[in-house]
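Descriptive analysis of the structure
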Amino acid sequence: MVNSVGLYKSGLPGISTGVDYYFHKELSNAYPVNYEFQTKLNYGLLMKPKDDNGFIKPYHHAEISAGAIWSYSVPVSKLNIDMGGGMLFHVLVGYNSGYKFDDNYYTHLQPYGNWLAMPSTALKLQYEFENIKLRTKLIIPVCVGGFFREYQYYPYLEKEFLSYIITPNTLAFCNKYTAVFAEADCIIPLNFPNKRKRDLKIGLYLDYTNSSIHYIIERKRNIGLTLGLQLN
C-alpha cells in the first residue's frame, strides 16, 4: 500500500493525496505472460480564486480507478520489455462547497463527474542491477465507454438522478478522450531478521487527461510522488 502526494492543475490548482494497491503475478513458467491488478484512490482539494464577492470556492475532487493488465515479456539482457493491454475502470466525482447560505445552494455546488471503462494498451520496461530494479510503465486508453455528464445538465434534485448517472451515454475514441498514465519507480530490496522479502518503492507518476465530450472540456494533470513498502 502506497501513500502519495500530488498536484492537480486544470485551471484550479490544489493538493491531492491517495492510496495505491498493486498486485503482480507471472501466469506460467512455460510462457512469459504476466498479470497485474492495480487500484488507486485519490482525493484533491482544488481552490478557485476569489470571485467578485470575495468568496473562495473550494472544490472537492475524488477519483477511484482499478485496472487489470495482461502482458508478454521479452527479456533483452538485463532489460525486460513487457507489452500488452487490458481494461481500466475509472470514476470521478467533484463538487464546489463554497456556498452554504442561500436558496441556490444546490445550484452553486456545480457537480461534475463521470465513470468510464477503458480498453487500454500497456508498455513496461524494467532494468535490474545489483538487485535494484528500475521500472517504467505507460498505459494509454484506446477508447472509453460509460457515463459523461452532459453540458449544464444537473438533475440532482429530480427523481431520475440515479438512473441518469448509471446509464451509459458515452462512446469515444482517443481523439475525443486522450489519457496517459505513466509511472517511474525504483525498487530497493530490504533485509529483515525474519528473512521475509520486502522492497522499498520510490517513484513518480503522471496522470494526464484531455477530453471534449458532450461539449464539456476537461484538461487535467496530476503529478505525484510515491513512497511505499512492497510485500513479496
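Fair warning: this is a prediction, and the values are worked out from it, not measured in the lab.

Conventions we followed
- Residues numbered from 1 in each chain as written.
- Predicted model: local features only at pLDDT ≥ 70, side-chain atom pairs only at ≥ 80, totals over all residues.
- Heavy atoms only, no water.
- Helix = DSSP H or I, 4+ residues; strand = E, 2+ residues; numbered from the N terminus.
- Buried < 20%, exposed > 50% of the residue type's maximum accessible area, 1.4 Å probe, protein only.
- Contact = heavy atoms within 4.5 Å.
- Areas by Shrake-Rupley, 256 points an atom, 1.4 Å probe, with all protein chains shown as cover.
- Core = buried A, V, L, I, M, F, W, Y, C linked by side-chain atoms within 4.5 Å.
- pLDDT = per-residue confidence, 0-100.
- Phe/Tyr/Trp six-rings, centres within 6.5 Å; stacked < 30°, edge-to-face > 60°.
- Lys NZ or Arg CZ within 6 Å of the ring centre and 35° of its normal.

**Looking at the overall build of the protein**
- The secondary structure content of the protein amounts to 2 helices and 12 strands.
- Reading the secondary structure of the protein in the N-to-C direction produces β-β-β-β-β-α-β-β-β-α-β-β-β-β.
- Buried residues in the protein amount to 34% of all 232 residues.
- In the protein, 60% of the contacts between residues at least 6 apart in sequence involve partners at least 24 apart.
- With an accessible surface of roughly 14,000 Å², the protein has 64% of that area assigned to carbon and sulfur atoms.

**Points about the nonpolar core**
- Grouped together as the largest cluster of nonpolar side chains are 13 residues, with contacts concentrated most on Leu116, Met118, Ile139, Val144, Phe148, Tyr177 and Ile213.
- For this core, the secondary-structure elements that each account for two or more residues are strand E6 (112–129), strand E8 (143–148) and strand E10 (177–190).
- For this core, the element with the highest residue contribution is E6, accounting for 3 residues.
- Once you skip the residues sitting within four places of it in the chain, Val144 turns out to touch Leu116, Ala117, Met118, Thr170, Leu171, Ala172 and Tyr177.

**So, the confidence of the model for the protein**
- Summing up the model confidence of the protein, the mean pLDDT is 81 and the portion of residues at 70 or higher is 80%.
- Predicted confidence is poor over residues 1–10, with pLDDT under 50, and the contacts of this stretch with residues over four places away or in other chains come to 55 contacts.

**So, the packing of aromatic side chains**
- The tally for this structure, following the rule as stated, stands at 4 aromatic pairs.
- Taking the centre distance of 6.3 Å and the plane angle of 35 degrees together, the rings of Phe89 and Trp115 count as tilted. Here Phe89, found in strand E5 (residues 79–96), pairs with Trp115, found in strand E6; they are 26 residues apart in sequence, far enough to count as distant.
- Its relative accessible area of 38% is what places Phe89 among the partly exposed residues.
- Trp115 gets classed as partly exposed once you look at its relative accessible area, which sits at 23%.
- Seen in terms of ring centroids, Phe147 and Tyr164 are 5.1 Å apart; in terms of plane orientation they differ by 85 degrees. Their pairing is edge-to-face. Remark: Tyr164 occurs in helix H2 (residues 161–166) and Phe147 occurs in strand E8; sequence separation between them is 17 residues. With respect to burial, Phe147 and Tyr164 carry one shared label: buried.
- Directly above the ring of Tyr205 sits Lys40, whose terminal nitrogen or CZ lies 4.8 Å from the centroid.
- Just above the ring of Tyr22 sits the side chain of Lys201; from NZ or CZ to the centre is 5.8 Å.

**Overview of the side chain of Thr170**
- Topologically, Thr170 is positioned in strand E9 (residues 170–173).
- Discounting chain neighbours no more than four positions away, the residues touching Thr170 are Val144, Gly145, Gly146, Phe147, Phe148, Ile213 and His214.

**Overview of the environment of Leu225**
- Looking at the secondary structure, you find Leu225 in strand E12 (residues 216–231).
- Residue Leu225 is classed as partly exposed on the basis of its relative accessible area, which comes to 48%.
- C-alpha of Leu225 to C-alpha of Thr17: the two residues are 208 residues apart in sequence and 9.8 Å apart in space.

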